[in-house]
Amino acid sequence: MPSMGTRNDPSYVLNQIIISPSDTDYLDQLIPSIREYSVGNRTPQLLQSLASFATEKEAEIETICNTNHQEFVTSVNQLLRIREGTVTLTAEILDLNQSIQTSTEKLAEQKKALVESRKHRQNIDETCRAIQGCLEVLRLANQVHDLLARKNHYAALRALEELQNVHLKGVSQYKIADMIQRSAPATQRAIAEAVMSDLNTWLYRIREMSQYLGEIALYHTDLRKTRQKERADRMSYLGQFKLNSAIELVSDEHEEYDLLHNEELQVDFTPLFECLHIHQSLGHMDKFRIEYANTRRRQKELLIPAMITLIDEDGSSLHNLLEEMAGFAIVERSTMKRVPELRSPVDVDELWDSMCQTAVSLISNALPEVDNAENLLKIKNLIALFMQTMNAWDFSVGVFDKFLLVLFRQYAELLKKRFSDDFQEIVSTDDYMPMPIQTAEEFDKVLNVSWYSPEKSPEEQIFPCVLPFSQMYPLCCIDIRNFLNQFYFFANDDFAHPNIIDETLKDAIDELLSNQVCDTLVERLASQYLGQIVQILINLEHFELACHELELLLVAARSQSCLGGSVTLKATEKFRSNKKAAEKRIFEVVNSKIDDLIETAEYDWMAQASPVEPSNYMQTLTRFLSNIMNSTLLGLPTEIKELIYFDALSHAANMILALPLSADVKRINPNGVMALAKDVEYLYDFVDSLDVPILRENLDELQQTVQLMQAENTDEFYDISTRNKKYGRVDAINGPVLLEKVTRTVQSPVKTDKFTTLSSRFGKKT
């Protein structure tokens, strides 16, 4: 028997096979050895070892059999008997096995039936669970639609998302999950459409309430203006702060008013927030932003009418337009502040600028129909209130600010036209008589409205009395003051161009006073009525004084933003220069009257008797001069009256002196000279009675000429030294001419060539 060796040694393998307790173990030992030996090409060695082992064992068995044959036979017999018993037992076992097999088949059939039953039960349970899951999914799907029907849009969207992300995963293997999953986008669209429908309804309501919102905004701005004015009245320092300034806003804090949430109006932004949130959840924010912007743009176009009128009785057309714009813009600004990702400042300002441009265009087109300055002022005040309201919401109102300049220019033109007509009527209907005053009340009224400083105080004034100017002067002063007030009504704290008003007012006042007052008065200087011309001169003087006062008033009323300096009206110089024209015209009329009176003189230069009294024309002339001095010229300043008198007497003296110098007068006898001398003396006495020494100088030439004509020794005239003493004012030409005509007798003397001789002595030709 081989000795024990290493694990790979054949003897070791044989030993392991021998000691194997069973055939199974025998094979377990043999198979690995065969595999190992076949790999190393040692299979023949293994076979040889097995063969040797078998031979040895057979020899051992044979040796044993040879030595124990009887015992072997006996054993064989015993084995046979055992085998017989074994066969019997095997038969019995087979019968028992058959019986057990039969029972087992029945049991297997029962177990199979049980397994089938359990399988069916499990399928039923799984089906129930699947049905329950599907029913739950279906319930949630129906709940989404129920929430949508109840307008709980966001809850519906959340339920749909929960259904998709949670519940559908549990039933993803079923067809219903796929159906619901495929219907989810449609449901999302339905939710988006429903929330947009609600938003459109909200936008429509906002559109409907825009005008009311704008009306409330304008109303409360007007209340703020009133409160600011009251505060300024109580504390003048606050008057320099405009509406919407920091000081005004702080002062008005206790009166804060929420335009969007108050007792009168509630603007709920919940539909907008919900719609915005849903579109954000759906990832459709850009699309929603564009659609919302387009909707608001369309609403903006709808609120602007095709045309408006500015002449309706209550101004509702313009009111409605501005209130609609204000309400729309306030909602836009509020939306921008609440949802900055939806409405940017650029979007809001773009819509606002578009509305402003369109509104200004509409108002401009309707402006020509306004022909009343008061209506235009109402329009301006409404626009200014609108501008202040929108300034409080940080909207630019530059377009309307420029438009106010257009309104102001038309306002100025309407005022000028109206006051031009008023001035024209006042000047043309005036009686050009000094204004009578009956009572102290009338006197005070005139003093209050006109620029007039009486010589006596109202307490010393005796009534009735007469003022120097005619009624047109205080009436024009009233109109001028009204004109100033009307202009400055436009220039309150909501007009940003006070310097333009100051310049326009100055030019307008200049134009009215120059063209409508001064020019009209100058035109009436063509009158032949002296009293009217004198009154015009007096009125011109008072208007000149009024212009000076107006210049000071315009400087005082000038805006603080304007540079200092004086104001000069062209009308002032025009009134001053036309005073000279009026004076000249008075001279002309007075001199014309003097001419007319002197032309009535009927001197008989060759009278047969001396006159006993002055001529009728001389008496009439002195009476005329006395009358105009004491009545017509009474209201003129003393220096003007003296100047007129001086000129009138000078002209009268020249005209009287021209009578004997006339070419028609050939001879003058002493009676004719006496008649002339009596008239000159009468005139001299009259002038002397005026007690104005300077006026006497006008008669010196006439008086000395008459004295020369009455002189006994006329040769004294030709003596230079004597002539300068006695006849210094006598014209060197006229003297010889008159001396040539004077005769010394009542009868006509024989003509001599003495005049020719005297003329040649003075170097003159006759």
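Residues numbered from 1 in each chain as written. Predicted model: local features only at pLDDT ≥ 70, side-chain atom pairs only at ≥ 80, totals over all residues. Heavy atoms only, no water.

*Asks:* Help me understand the overall build of the protein in this model?
*Replies:* Helix and strand counts for the protein come out as 26 helices and 2 strands. Every one of the 766 residues in the protein was classed for burial, and the buried ones make up 41%. Considering only intrachain contacts with a sequence separation of at least 6, the fraction spanning at least 24 residues in the protein is 75%. For the protein, the computed accessible surface area is about 42,500 Å², with 53% contributed by carbon and sulfur atoms. (Helix = DSSP H or I, 4+ residues; strand = E, 2+ residues; numbered from the N terminus. Buried < 20%, exposed > 50% of the residue type's maximum accessible area, 1.4 Å probe, protein only. Contact = heavy atoms within 4.5 Å. Areas by Shrake-Rupley, 256 points an atom, 1.4 Å probe, with all protein chains shown as cover.)

*Asks:* Would you take a moment to explain the packing of helix 17 (residues 530–557) against helix 19 (residues 616–632) for this structure?
*Replies:* Helix packing geometry: the angle between the two helix axes and the distance between the axes. Close contact between helix 17 and helix 19 brings their axes to 11 Å; oriented N to C, the two are set at 40°. Between helix 17 and helix 19, the angle falls in the class oblique. As helix 17 packs across helix 19, the resulting crossing turns out to be right-handed. Of the residues in helix 19, those in contact with Leu530, Gly531 and Val534 of helix 17 are Phe624, Ile628 and Thr632. Along the lines of polarity and charge, the residues of the contact of helix 17 with helix 19 split into 4 nonpolar, 2 polar and no charged. (Axes fitted to C-alpha atoms, helices over the stretch in contact; angles between N-to-C directions. Parallel < 35°, antiparallel > 145°, perpendicular 65-115°, else oblique. Left-handed = near helix turned anticlockwise from the far one by under 90°. Nonpolar A, V, L, I, M, F, W, Y, C, P; charged D, E, K, R; others polar.)

*Asks:* Any chance you could explain unusual backbone geometry here in plain terms?
*Replies:* Trans is the common state for peptide bonds, and a negative phi is the common state for residues other than glycine. The omega angle of the peptide bond from Phe463 to Pro464 is -5°, so this bond is cis rather than trans. The phi dihedral of Asp394 is positive, around 65°, even though this residue is not glycine. Unlike most non-glycine residues, Tyr432 shows phi in positive territory, near 55°. Mapped onto the secondary structure, Tyr432 falls in the loop between helix 13 (398–429) and strand 1 (435–437).

*Asks:* Hey, could you run me through the environment of Arg576 in this one?
*Replies:* By the secondary structure assignment, Arg576 is in helix 18 (residues 570–599). Considered as a pair, Arg576 and Leu540 are 36 residues apart in the sequence and their alpha carbons are 7.5 Å apart. If sequence neighbours within four positions are ignored, Arg576 has contacts with Glu544 and His548.

*Asks:* Just to check I follow, could you spell out the pattern of salt bridges for this structure?
*Replies:* A pair can form between side chains of opposite charge whenever their charged atoms are brought close. Scanning all chains against the criterion turns up 18 salt bridges. Glu544 is the partner of Lys579 in a salt bridge, and the nearest nitrogen-oxygen pair spans 2.9 Å. Pair noted here: Lys579 is in helix 18 and Glu544 is in helix 17, with a separation of 35 residues, a long-range link. Looking at Lys579, the relative accessible area reads 15%, which means it is buried. The buried category is assigned to Glu544, whose relative accessible area is 9%. (Salt bridge = Lys/Arg side-chain N within 4 Å of Asp/Glu carboxyl O.)

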